[in-house]
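# Structural features, examined
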Amino acid sequence: MTADTDPARRGQDDTPGDPADDPADDAAVVDLLEPAEGVPPLVADRAALSDAAAALDSGHGPVAVDAERASGYRYSARAYLVQLRREGAGTFLVDPIACGGDLGVLDEALRGVEWVLHAASQDLACLAEVGMRPDSLFDTELAGRLVGYPRVGLGPLTEHLLGVRLQKGHGAADWSRRPLPDDWLTYAALDVELLVPLREAVAADLERQGKTTWAQQEFEAVRLAPPPPPRAEPWRRTSGVHKIRRPAALAVVRELWGSRDELAATRDVAPGRLLPDAAIVDAALREPARRDDLVAMPVFRGRAQRRLADRWWSAIERARALPRTGWPASAPPPDGPPPAHRWGDKDPAAAARLAAARAALAGLSERTGTPVENLVTPDLVRRLCWAPPPDADADADGVAAALAELGARPWQAELAAPLLAEALRVPAPEADPDSGDHGGDPQDS
């Protein structure tokens, strides 16, 4: 599990909750430094993979599953290690690369078996890439959010619910490294050691709070979620690009980003290891006149960058050769409503609806003990308040249908629709005749 990319893995998170539930307050926590049955040998060939599949098939109960990637080191998001544990079968550490990238035999052995993962949405894509897709799913991290635990990382949950502290330290490692160090394999085995007992503890709290159906619908939505569509302008996610407003300079960012991305994909290296985002933004802002000016800049003067200087300079020259019609817009095209802090000027009525909706959902969150963002996603609420259903469809049933159309699960629509329907009926504030503000065009961005 990759702690550097998601705090819900082993480490901390920012989920609000009752400080009294903090694992640090638990009376006795036992350190778990080694798997109870020892660290199993690495499954690194097809014969061992077949044996693992047969053993897992003969086991019983749910199967704990995890995957380790090399985020921050590799361009791809492939799995470099897959861990599985099932009662009656034991723990298996599988090297998908050594096994030819196809773990379909494990998938066949686990047909109809519930898979237990922590923060499953992070791992399902790389597991599918090696031929593993669950028929049913239990996500301990997502379940923990629904229950309302203050911290839902694997480590804090295990400490709080099971009284066991897991080994830390290798979540951000380069799991593409071979051979894998022994202490990394210990860490990986521990990630699935207690997942099934953790599942039972969280499931009991879900049942006690009457949220089992909520969780089942959430798990199924995660299991069946399609891959996200490609971003229209992924280069705009360059860290620090907000400093640049001139379209000509943005064209430099776009060309450098694209050249770096192409090379990173070819080499399977994380793009930031080839050229940091800060260097791309710096080059766009400083506007070097010649190649020599570029290689004199920080970062670009390094030995590795000098070897790639022709590539980076060519990207800059391509950007500068573009006609104005080829420059990117100074801001990305709008995708949905404008930022909420601008609603008061653009559409006061929508701002009033959003304020009422947020207040109602905050109260629902307090009553249910579930974070607001898990009750209804903030983006969905903004879209609904910006463009509500027509008056004829603005009752609870109409709002529930609109929520479903936007992707809400049935339990979410049932809980939130009556509250949101009422919020959508909040009258617009009266305009101040002395302000000179007669509202703006709601479509103006």
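Structure: see above.
Please read all numbers here as calculations on a predicted model, not as lab measurements. (Residues numbered from 1 in each chain as written. Predicted model: local features only at pLDDT ≥ 70, side-chain atom pairs only at ≥ 80, totals over all residues. Heavy atoms only, no water.)

## A short note on the packing of aromatic side chains
Going by this rule: Only centres within 6.5 Å qualify two rings of Phe, Tyr or Trp (six-membered ring in Trp) as a pair; their planes then separate them into stacked at under 30 degrees, edge-to-face at over 60, and tilted for everything else. To qualify as a helix, a DSSP run of H or I must reach at least 4 residues; to qualify as a strand, a run of E must reach at least 2; elements of each kind are numbered from the N terminus. Here, over-ring charges are defined by two tests on the NZ atom of lysine or the CZ atom of arginine: distance to the ring centre within 6 Å, and angle to the ring normal within 35 degrees.
One pass over the full model with this rule turns up 5 aromatic pairs. Pairing W175 with Y187 gives two aromatic rings, centres 6.3 Å apart and planes at 35 degrees, and the pair type is tilted. Residue W175 is found in the loop between β8 (164-166) and α6 (182-193), and its partner Y187 is found in helix α6; the two are separated by 12 residues along the sequence. An aromatic cluster of at least three residues, connected via ring pairs, comprises W175, W184 and Y187. Between R177 and the ring centre of W184, over which it is positioned, the NZ or CZ distance is 5.1 Å.

## Some thoughts on a positive patch on the surface
Quick reminder of the rule: Only residues above 30% relative accessible area that lack a salt bridge enter a patch, with like-charged residues linked at up to 9 Å and the nonpolar side chains Val, Leu, Ile, Met, Phe, Trp and Tyr linked at up to 5 Å. The Shrake-Rupley method, run with a 1.4 Å probe, gives the accessible areas here. Residue values count only the displayed protein chains as cover. One speaks of a salt bridge when a side-chain nitrogen belonging to Lys or Arg is within 4 Å of a carboxyl oxygen belonging to Asp or Glu. The sign given to each residue is positive for Lys and Arg and negative for Asp and Glu; His and the chain ends receive no count. Lys charges are placed at NZ, Arg charges at CZ, Asp charges at CG and Glu charges at CD.
Residues R267, R303, R306 and R307 make up a contiguous surface patch of positive charge. Topologically, R303 is positioned in helix α13 (residues 303-307).

## Some points on helix α14 (residues 309-320)
In an α-helix there are 3.6 residues to a turn, and that puts residues three or four apart on one side. Rules: Here the expected length of a helix is defined as 1.5 Å per residue gap, with one fewer gap than residues. Classification of residues uses two cut-offs on accessible area relative to the type maximum, computed with a 1.4 Å probe and protein chains only: under 20% is buried, over 50% is exposed, and between them is partly exposed. Here, the arc refers to the directions that run from the helix axis to the C-beta atoms. By definition in these notes, contact holds between two residues if any of their heavy atoms fall within 4.5 Å.
In a regular helix each residue adds 1.5 Å, so 12 residues correspond to 16 Å; α14 covers 17 Å between its end C-alpha atoms and thus fits that length. Of the residues making up α14, those classed as buried are A309, W312, W313, A315, I316 and A319. Buried residues along α14 cover an arc of 155 degrees about the axis, so they all sit on one side. Elements in contact with the buried residues of α14: α9 (247-267), α10 (271-274), α11 (277-286), α12 (291-295) and α13.

## Some words on the nonpolar core
Where we set the bar: Only buried residues count toward a nonpolar core. Its members are Ala, Val, Leu, Ile, Met, Phe, Trp, Tyr and Cys residues joined through side-chain atoms within 4.5 Å.
With 51 residues, the main nonpolar core has V376, V399, L403 and L420 as its most contacted residues. For this core, the element with the highest residue contribution is helix α20 (residues 410-424), accounting for 8 residues. Apart from residues no more than four positions distant in its own chain, L403 is found in contact with V376, L380, L384, A408, A413, A416, A417 and L420. Counting 29 residues, the second largest nonpolar core, distinct from the first, contains A249, W257, L274 and L275.

## A short note on the side chain of T238
Stated formally: Here a polar contact means two N or O atoms within 3.5 Å. Within protein one must be a hydrogen donor candidate and the other an acceptor candidate, and residues neighboring in sequence count only if both atoms are side-chain atoms.
Looking at the secondary structure, you find T238 in the loop between α8 (212-224) and α9. Separated by 2.6 Å, the side chain of T238 and the backbone oxygen of W235 make a polar contact. When near neighbours in sequence (up to four residues on either side) are disregarded, T238 contacts V253, W257, D277 and V281.

Keep in mind these numbers describe shape, not what the thing actually does.
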